[in-house]
Amino acid sequence: MLSSLDVFGSSPELMALFVGFGLVVGVLFGFFGMGGSFLVTPALLMMGYDASVAVGSGMAFVFGTAVIATLKHHDLGQVDYKLGAIMIAGTTIGIEVGRASVYYLEELGLAGGVISVAYVVLLGGIGAMVTREAMKGDGGGGVDHEAADKDLSEYEIPEVAKKIQRTVRIPPMVTLRGDVRVSAWVITAVAFTTGLLSGFLGVGGGFIRMPAMIYAIGVPVPVAVGTDLFEIVFSGGIGSYLYGQGGGVDLAIVAPLLFGSALGARIGSAATAVVDSDGIKIYFGGMLLAGAVAVGIGEVGSYLGNELLETAGLVLVIGSAVVVAGAIVYTTVASLRATRRRQTPAAD
């Protein structure tokens, strides 16, 4: 283990940290439908791991969580395998370009800094968007749990998607679930872009790819969620294999993270049945913004050689996730207690 990790104590304590962090990320994944790798990779960077190990291990974690979730969506009939197959082809190329970029920047000694800056921009931008949409109260900023229960014919294709479908008519044209007809080149472009992000940042790309499938391709929300997870199984698996070939996947990190997230995902999924997600989406957006600030602080600390700033950044990124996961669990317990209190007088 790296000497910069000595502050966390012995190996068993590190394993407990990873299990706990995996539990928190699993709760977020189960509740919001987003994998949480956008927190795992920057946390590993701030803990002193090489960029290739942080990105590769983040992708392996994404792969494990996506397998579990995809099986559930397959049972619900929410996976479009035709769409998924086209996206896998584009994503694979994007991942390889992103991976090659990481190793090239690592040779120049710039990988950690460039990836951290990219995370600051990405987390900050998406965090601001999620927070704004959540405060507007129009259901933005995450998976709409109620929407996933509607029939596919009830979904209205966004205007921007309709415009793209009318404008880009380059053959071959593909018909997708929900009677959506779109050029295969539009799908490939979305897939390549998100694959590039996956390979470069070690993220599943779902928090970008899922909105892109809805607003650029025009597929219904549940199909976007299910197909995105199906695609992540392959992109995460391919990315993990490619990084693993270069020694970029550390199973001592991935295994405890997956162990914790498996339990956390069950808790998060169960919470969706009893918790109104609108209020917590604001916390989720805040968590992304805090993550952007945390990565920025950690990178400044690394540049200045200030271990206190590096530790503060790590505490902030993990702490923000813990706060949001705690809010979900607390709200769930409070909702269940309130329901029980209402039922008790009725029974009497």
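Preceding this section is the structure that the text describes.
Note that this is a predicted model, so its numbers are computed, not measured.

Right, let's get into unusual backbone geometry. Excluding glycine, residues mostly have negative phi values, and the peptide bonds linking residues are mostly trans. In this model, P171 is joined to P172 through a cis peptide bond whose omega is 0°. Along the chain, the position of P172 falls in the loop between α6 (159-167) and β1 (173-176).

If you look at the biggest cluster of nonpolar residues, it comprises 52 residues, and the most contacted ones within it are F21, L28, L44, I115, M287 and V317. The element best represented in this core is helix α1 (residues 11-32), accounting for eight residues. Judged by nonpolar contacts, the second largest core, of 26 residues, contains V174, V180, V186 and A216.

Once that is clear, we can look at the packing of aromatic side chains. In total, this model carries two aromatic pairs according to the counting rule given. Considering the side-chain rings of Y81 and F230, the 4.9 Å spacing of their centres and the 85° angle between planes classify their relative orientation as edge-to-face. On the criterion of sequence distance, the pair formed by Y81 in helix α4 (residues 81-108) and F230 in helix α9 (residues 221-245) is long-range, its members being 149 residues apart. Residue Y81 is classed as partly exposed on the basis of its relative accessible area, which comes to 39%.

So, about the pattern of salt bridges. Side chains bearing opposite charge may pair, as long as their charged atoms lie close to each other. For the structure shown, the criterion picks out one salt bridge. In this structure, the salt-bridge partner of R99 is E96, at a minimum N-O distance of 2.8 Å. A residue pair is termed a helical-turn pair when its members lie 3 or 4 positions apart in one helix, as R99 and E96 do in helix α4 at three residues. Taking relative accessible area as the criterion, E96 reaches 31% and is therefore assigned partly exposed.

A separate point is a nonpolar patch on the surface. On the surface, a cluster of nonpolar side chains totalling about 360 Å² of accessible area is made up of L23, L263, I267, V329 and V333. Of all the secondary structure elements, the ones that give two or more residues to the nonpolar patch are α10 (251-271) and α12 (307-347). Along the chain, the position of V329 falls in helix α12. Note on V329: relative accessible area 35%, which makes it partly exposed.

Quick look at the packing of α4 against helix α7 (residues 184-201) now. At a closest axis distance of 6 Å, the pairing of α4 and α7 adopts a crossing angle of 35°. α7 is crossed by α4, and the crossing has right-handed handedness. Among the residues making up the contact of α4 with α7, the classes are represented as 15 nonpolar, 10 polar and one charged.

We now examine α7. In this model, α7 (18 residues) spans 26 Å end to end at C-alpha, consistent with the 26 Å of a helix rising 1.5 Å per residue. Here α7 has its buried residues at A184, V186, I187, V190, A191, T194, G195, S198, G199, F200 and L201. Capping of α7 at its N-terminal end is provided by S183; its side-chain oxygen lies 3.1 Å from the backbone amide nitrogen of W185.

Conventions used here
- Throughout this document, residue positions are counted from 1 along each chain, in the order its sequence is written.
- Local features are withheld for residues below a pLDDT of 70 in this predicted model, meaning they are given only at 70 or higher, and side-chain atom pairs are given and counted only at 80 or more; totals for whole chains, interfaces and linings count all residues.
- Side-chain calculation: all heavy atoms of the structure are included, whereas hydrogens and water are not.
- Helix numbers and strand numbers start at the N terminus; a helix is a DSSP run of H or I with at least 4 residues, a strand a run of E with at least 2.
- Nonpolar core, defined: a set of buried Ala, Val, Leu, Ile, Met, Phe, Trp, Tyr and Cys residues in which side-chain atoms within 4.5 Å join the residues together.
- Only protein chains enter the calculation, and the probe is 1.4 Å; a residue is then buried if its accessible area is under 20% of its type maximum, exposed if over 50%, and partly exposed in between.
- Pairing of aromatic rings covers Phe, Tyr and Trp, the last through its six-membered ring, and needs centres within 6.5 Å; plane angles under 30 degrees mean stacked, over 60 mean edge-to-face, and all others mean tilted.
- Salt bridges are defined as contacts in which a side-chain nitrogen from Lys or Arg sits within 4 Å of a carboxyl oxygen from Asp or Glu.
- Candidates for patches are residues over 30% relative accessible area with no salt bridge; among them, like charges are joined within 9 Å and nonpolar side chains (Val, Leu, Ile, Met, Phe, Trp, Tyr) within 5 Å.
- Residue burial considers only the protein chains on display, and all accessible areas are found by Shrake-Rupley using a 1.4 Å probe.
- Helix axes use the C-alpha atoms of the stretch in contact, all axes being lines fitted to C-alpha atoms, and the angles between their N-to-C directions lie in the range 0 to 180 degrees.
- Should the near helix be turned anticlockwise from the far one by less than a right angle, the crossing is termed left-handed; should it be turned clockwise, right-handed.
- In this classification, the charged set is Asp, Glu, Lys and Arg, the nonpolar set is Ala, Val, Leu, Ile, Met, Phe, Trp, Tyr, Cys and Pro, and all remaining amino acids, among them Gly, are polar.
- Expected helix span is given by 1.5 Å per residue-to-residue step, counting one fewer step than there are residues.
- Any N or O atom pair separated by 3.5 Å or less is treated as a polar contact, with the protein-specific requirement of one donor-capable and one acceptor-capable atom, and with residues adjacent in sequence counted only for side-chain atom pairs.

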